[in-house]
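# Structure at a glance
Letter by letter, the chains look like this.
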Amino acid sequence: MTNKFVWTKKDLLGLEYLTAEELSHILETAEGFKEVSTRDIKKVPALRGKTAANLFYEPSTRTRVSFEIAEKRLSCDVVNMDMKASSVLKGETLADTGRNLEALKIDIFVIRHHMAGAPNVLSQFVNASVVNAGDGKHEHPTQALLDIYTLKEKFGSLKGLNVSIIGDISHSRVARSNIWGLTKLGANVTLCAPEIILPHDFKQFGVKITSDLDEALKDAHAINVLRMQFERDNAAAFPSPSQYYKQYGITKDRLKKHKKDIIVMHPGPINRGIEISSDVADGPNSVILDQVTNGIAVRMAVLYLVSTAKRG
Amino acid sequence: MTNKFVWTKKDLLGLEYLTAEELSHILETAEGFKEVSTRDIKKVPALRGKTAANLFYEPSTRTRVSFEIAEKRLSCDVVNMDMKASSVLKGETLADTGRNLEALKIDIFVIRHHMAGAPNVLSQFVNASVVNAGDGKHEHPTQALLDIYTLKEKFGSLKGLNVSIIGDISHSRVARSNIWGLTKLGANVTLCAPEIILPHDFKQFGVKITSDLDEALKDAHAINVLRMQFERDNAAAFPSPSQYYKQYGITKDRLKKHKKDIIVMHPGPINRGIEISSDVADGPNSVILDQVTNGIAVRMAVLYLVSTAKRG
Amino acid sequence: MTNKFVWTKKDLLGLEYLTAEELSHILETAEGFKEVSTRDIKKVPALRGKTAANLFYEPSTRTRVSFEIAEKRLSCDVVNMDMKASSVLKGETLADTGRNLEALKIDIFVIRHHMAGAPNVLSQFVNASVVNAGDGKHEHPTQALLDIYTLKEKFGSLKGLNVSIIGDISHSRVARSNIWGLTKLGANVTLCAPEIILPHDFKQFGVKITSDLDEALKDAHAINVLRMQFERDNAAAFPSPSQYYKQYGITKDRLKKHKKDIIVMHPGPINRGIEISSDVADGPNSVILDQVTNGIAVRMAVLYLVSTAKRG
């Protein structure tokens, strides 16, 4: 595929809108960038002369820094815009903000927004590329791509792979993007959460759903453990974080009963002793820090592809 | 003029302090930079090795980003300093802040300050160049320069051009800088605002003053519509924003009676449905986004000229 | 020494952990970088392709900007992280933050933290270099290095030099780092503060301690005047800032009785009329702005040495 494939999409709004072939092309492009970085040639001139604007309507040091590093390694100029702190731009419509920034000849917008669909709206008003860095409970495509990249690195292929996503799925844009990406590439996805927050309607996506953690772990080649945010929506659902840990926490003991070489992922930041134990997070099955590293190569690939897309 | 003209001013503090020849030289230099940028050579090495510090005592994402992009396109290193958030520097005098930053070998200061005259004070304490990015109700010279650049682009010359500035003039540094720049270059300026906030004392600047919007629109080749900030000073002056819109809002219907090809400018961000209607802001007479684009070339020209000035 | 000396430390955590030889090597390396900068070659490619992250858990525009400029002059890519504003990373352990950033292939961490020892903790969890930019009341090694560099520039050598540190010593990480650095290089250090806040236990460091300002000034070749922060801890200790100024303020009259060419340093920002008078701060004995300038060369040297250290 690789050489003959021509990338045509100017935006990355979500994995729902991509074909399996497009997903594979991003992953293969990322491999090229990862190779470069491991040979200690950290910068490539691929996007020299282009400017990326990181528009963050929600604070996110972690994702912003990962994108910023990816942009700089492509020799792209970077402008950071903390839209939460920007009083003037807050009163402006997203369309006006986009059109104004486009008039400044921004080439790539990376946008994090609390409202689902904001990147899609922005992309309708600008010719520049738009990359979704997380929008409401909708999608977080580059996070899912780096999860999938990490799985492909370990297993060679996603085909037939059993992947279980465990935790607060219904509030998670990471889960949604993972479901789209994994199923398109042939993986079998199981979702696992306490019954009271189990998203039964996700069955439409062609995934298995269970509230039994051991059921979710049984045949899993890999699990993706989501951060439980008790401060937010789940206060009523559970008596306490320690209760959750007891029933759904991923611990060494819990994993012992299942595949010895099960791969453990987490999008970070981890809550030690809530959804995962330290001995698992820091143990031999964990690829959590590989995920972080792979995020650079995956984001470089996405930024490169969308901004050099052959447009229709 | 161009080739023989030698730029000698190390600062851009306001258009009041410039001659017509200097204004023209900035505009011509900006043309050169705009040509470069449209030929997809976005970066020039003109200020490589120099460092610009953007000192913002008032938040301004829009102006800060425009300057930052201009600096980076000149290959200048950029340091952003949010002086509102800086607890230590707040207690320091502007002179001490300036001297300290100069000791760090900063070459160019871009300063936005809530107090009129702050850039003038700073310039007395540093050998580095100082560019005023808006000071109190005093001046916003680069905004006026980009307005004037946009007019010159459309009309070829400012000589004899009728330009009306409409709205909250008395609080506007944009209006003041435009008045200086436009009149020096031979344009006829009319100011229009509701009687209760009409700045009669501006007559000393050689401009026409009226509270009759149709009078201001009658012979105008171009209008510059200012943002009305009801949250601030005008609460008492008017019953409501909708009342203002009815009497002074620039709408398609309102313009119909006057020159068909009147040019509509706005320094942004626009209040749709308050001082301007969407069909005008987004319509064929609007050059609002051209202004934004021209801001880069104009700021590149200013940064380049002041930092390479032949000093006396 | 210079050519044969091999730098082996990956971190700069404090001057307490350095030998006299290592201190001298930093100072000599800084001389090289200062020479470059004065010949108007402001950028060197020494760290091209490397990435520095400035992690500031405490706000500090002044120190952050100095490090940022030093990094950019070494052609290093820079990522600024305001950890005070970062909600997600605040809940994370320093170890997890460090490991995550290291997974992003950060080469150098510059860390400012309110807790003493935080840089030491971070350095245990990352292979990347860690530079302490001030931690609690522990150390501020690059500040002391630039103070010492400035003294060496004036006097040629530190050996036998009498240096008095005056003011709020017990709360000062600057004082502690200066004491380590100065005594190791053979200077004689005197600490002077009002009796009520005089840190008698500092005698263990081999320094002289007095509450008599004239005693501290008598044989001093140089003094380092510390900022008095009345808003914080000393409210009870003194009736008023003016009372402090009268007794301990460094004024022209006060200095007149002592060495004519005494060198006056201050880490900044200065409180004019509290710990120092304007005629001294801006007078011929002051090297306050030289200190700021030297900070760039010293920080370039430190960043360069730790990130190219020959590790054991």
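Throughout, a residue's number is its position along its own chain's written sequence, starting from 1. Chain A is the first chain written and ligand 1 is the first ligand written, with later ones labelled in order. Whole-chain, interface and lining totals are the exception, using all residues; otherwise, since this is a predicted model, local features are given only for residues with pLDDT of at least 70 and side-chain atom pairs are given and counted only at 80 or more. Where side-chain values are given, they derive from all heavy atoms of the structure, hydrogens and water being excluded.

## Topic: the interface of chain A and chain B
- Between two residues, a contact is recorded if the distance between any of their heavy atoms is within 4.5 Å. With 22 residues of chain A at the contact, the number on the chain B side is 20 residues.
- Put simply, buried area is how much 1.4 Å-probe accessible surface two parts lose in total, over both of them, once they are put together. Carbon and sulfur atoms supply 56% of the area buried between chain A and chain B, which totals about 1800 Å² over both sides.
- Salt bridges are defined as contacts in which a side-chain nitrogen from Lys or Arg sits within 4 Å of a carboxyl oxygen from Asp or Glu. At the boundary of chain A with chain B, the tally comes to 4 salt bridges.
- R272 of chain B is the salt-bridge partner of D96 of chain A, the closest N and O atoms lying 2.7 Å from each other.
- Identification of polar contacts relies on pairs of N or O atoms within 3.5 Å, with a donor-acceptor requirement for protein atoms, meaning one able to donate a hydrogen and the other able to accept it, and with residues adjacent in sequence counted only if both atoms are side-chain atoms. Our count for the contact surface shared by chain A and chain B stands at 12 residue pairs in polar contact (both at pLDDT 80 or more).
- Secondary structure elements are taken from DSSP: a helix is a run of H or I of four residues or more, a strand is a run of E of two residues or more, and numbering for both begins at the N terminus. Secondary-structure elements contributing two or more residues to the side of chain A that touches chain B are β2 (77–82), α3 (87–90) and α4 (94–103) of chain A.
- Ten residues, namely Ala, Val, Leu, Ile, Met, Phe, Trp, Tyr, Cys and Pro, are considered nonpolar, four, namely Asp, Glu, Lys and Arg, are considered charged, and the remaining ones, Gly among them, are considered polar. Grouping the constituent residues of the side of chain A that touches chain B by class yields 9 nonpolar, 6 polar and 7 charged.

## Details of the relation of the copies chain B and chain C
- Residues reaching a pLDDT of at least 70 in both copies supply the C-alpha atoms on which the copies are superposed by least squares. With an RMSD of 0.0 Å, the fit of chain B onto chain C corresponds to turning through 120° and sliding 0.0 Å along the axis. Both copies of the chain, as the preceding transformation shows, are related through a three-fold rotation axis.

## Here's the deal with the interface of chain B and chain C
- Contact residues are listed per partner, giving 22 residues for chain B and 20 residues for chain C.
- Overall, the association of chain B and chain C removes approximately 1900 Å² of surface from exposure, summing both partners, and the carbon and sulfur fraction of that is 55%.
- Linking chain B with chain C are 3 salt bridges, by the criterion used here.
- Salt-bridge contacts for E92 of chain B lead to R62 of chain C; the nearest nitrogen and oxygen are separated by 2.1 Å.
- In this structure, the connection of chain B to chain C is made through 10 residue pairs in polar contact (both at pLDDT 80 or more).
- Every element with two or more residues in the side of chain B that touches chain C is listed here: β2 (77–82), α3 (87–90) and α4 (94–103) of chain B.
- Of the residues assigned to the side of chain B that touches chain C, the class counts are 9 nonpolar, 6 polar and 7 charged.

## Focus on the pairing of strand β6 (residues 188–192) of chain B
All names here are of chain B.
- Where burial is concerned, most of β6 is hidden: 4 out of the 5 residues are buried.
- The criterion for strand pairing is that DSSP finds at least two bridges linking the strands in question. For strand β5 (residues 162–166) and β6, the ladder comprises 5 bridges, and the chain directions are parallel. Bridge pairing in β6 links V163 to V189.
- Look down the strands so they point away from you; if the path from the first strand over the helix to the second goes clockwise, the crossover is right-handed. One crossover worth recording links β5 to the parallel β6 by way of helix α7 (residues 173–184), and it is right-handed.
- Bridge analysis of β6 against strand β7 (residues 208–210) gives 3 bridges, and the strand direction is parallel. Pairing of T190 across the sheet is with K208, part of β7. With a 1.4 Å probe rolled over the protein chains alone, any residue whose accessible area is under 20% of its type maximum counts as buried; one over 50% counts as exposed, and the rest are partly exposed.

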